[in-house]
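For reference, the chains in residue letters:
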Amino acid sequence: MKAEPEFDLIRFLQEAHRLHLRCMLIGRWAVAQHGAPVVTADYDFWIHPKDRLKALKLLESLFNAEVPDLKKRSRPLVRAFVGPDQIDVFFLRRFTNRDGEELLFDNVYARSEEKVDPDKIFRVRIPCIEDLIALKKFDSPDPLKRERNLEDIRFLQTLKNRKRR
């Protein structure tokens, strides 16, 4: 029996770097990079809109991802699937959260941290704590997702306050 495809985060990050994609890992995976003991079942990326075609082609060619039809590919959020893995890719120049804070991709990217694994096999960009907190402040119709965002914000706020001391 043929194995179901799986999304390989490290391989994706390696290829995204090779292709010079302006890409940030956001969501709970990014919160985990700041040390939070969280679990998540999906992957969230914020990629510069000009890199949309390269990013979608990468997902299709490398992982045989199921991506939406052409009409849906032009939306600000593209949801792809690699086997059971869900990959949400935001192609926006700006986010405005529920508090009215506007986050511009170029500014968030400039403030982001590039983390390199100890063996220098891959690197990942994640928003700074302040921007990640702001990105977590969006309304979701899913009560579980809202609760997880609040948990993540509390963790990040605590971390931010400790770093100030």
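Residues numbered from 1 in each chain as written. Predicted model: local features only at pLDDT ≥ 70, side-chain atom pairs only at ≥ 80, totals over all residues. Heavy atoms only, no water.

S.K.: Is there a simple way to explain the environment of Lys 115 in this structure?
M.R.: Following the sequence through the fold, Lys 115 ends up in strand S7 (residues 113–116). When its relative accessible area of 25% is taken as the criterion, Lys 115 is described as partly exposed. Residues Lys 115 and Ile 126, eleven residues apart in the sequence, show an inter-C-alpha distance of 7.7 Å. Leaving out residues up to four positions away in the same chain, Lys 115 has contacts with Gln 33, Phe 122, Arg 123, Val 124 and Ile 126. Among the polar contacts listed, one links the side chain of Lys 115 to the backbone oxygen of Gln 33, at a separation of 3.2 Å. (Helix = DSSP H or I, 4+ residues; strand = E, 2+ residues; numbered from the N terminus. Buried < 20%, exposed > 50% of the residue type's maximum accessible area, 1.4 Å probe, protein only. Contact = heavy atoms within 4.5 Å. Polar contact = N/O pair within 3.5 Å; in protein donor to acceptor, adjacent residues only side chain to side chain.)

S.K.: Just to check I follow, could you spell out the sheet that holds strand S4 (residues 85–90) for this structure?
M.R.: Within a sheet, neighbouring strands are paired by backbone hydrogen bonds and run either parallel or antiparallel to one another. The mixed open sheet is built from four strands, whose spatial order is S1-S2-S4-S3. With one partner strand each, in any of the chains shown, strand S1 (23–26) and strand S3 (77–82) form the two edges of the open sheet. Neighbouring strand axes in the sheet, compared pairwise and without regard to direction, differ in orientation by 25° on average. Relative to S4, strand S2 (residues 42–47) runs parallel, the two sharing five bridges. Residue pairing across strands places Phe 45 opposite Val 89, the latter belonging to S4. (Pairing = 2+ DSSP bridges. Axes fitted to C-alpha atoms, helices over the stretch in contact; angles between N-to-C directions.)

S.K.: I tried to follow the environment of Asn 107 on my own but got confused; where do I start?
M.R.: Positionally, Asn 107 belongs in helix H5 (residues 105–111). Note: C-alpha distance between Asn 107 and Asp 131 (24 residues apart in sequence) is 9.6 Å.

S.K.: Sorry if this is basic, but what is going on with the nonpolar core here?
M.R.: Across soluble globular proteins, you tend to see nonpolar side chains buried next to one another. Counting 35 residues, the largest nonpolar core has Phe 7, Phe 12, Phe 45, Ile 47, Leu 59, Ile 87 and Phe 91 as the members making the most contacts within it. The element best represented in this core is helix H3 (residues 52–63), accounting for five residues. Among residues more than four places away in sequence, those in contact with Phe 45 are Phe 7, Leu 9, Phe 12, Leu 13, Cys 23, Met 24, Leu 25, Ile 26, Ile 87, Asp 88, Val 89 and Phe 90. Among the nonpolar cores identified, the runner-up in size contains eleven residues, and Met 24, Phe 95, Val 108 and Ala 134 belong to it. (Core = buried A, V, L, I, M, F, W, Y, C linked by side-chain atoms within 4.5 Å.)

S.K.: I'm lost on helix H6 (residues 129–136) in this one. Help?
M.R.: An α-helical turn contains 3.6 residues, so a residue and the one three or four places further along point in the same direction. Counting buried positions over the eight residues of H6 gives seven, a clear majority of the element. Turning to H6, its buried residues number three or more, namely Ile 129, Asp 131, Leu 132, Ile 133, Ala 134, Leu 135 and Lys 136.

S.K.: Would you take a moment to explain the state of the cysteines for this structure?
M.R.: Disulfide: a covalent bond connecting the sulfur atoms of a pair of cysteines. A full pass over the atoms with the stated rule returns zero disulfides. With no disulfide partner, Cys 23 has as its closest neighbouring cysteine sulfur the one in Cys 128, 16 Å distant. Owing to a relative accessible area of 12%, Cys 128 belongs among the buried residues under this scheme. (Disulfide = S-S within 2.5 Å.)

S.K.: Please clarify how the confidence of the model for the protein should be interpreted in this entry.
M.R.: Regions with low pLDDT carry predicted coordinates that are not meant to be interpreted in detail. When pLDDT is averaged along the protein, the result is 91; 97% of the residues meet or exceed 70. Predicted confidence in the protein is weakest over helix H4 (residues 70–73), with a mean pLDDT of 73, and strongest over H5, with 98. (pLDDT = per-residue confidence, 0-100.)

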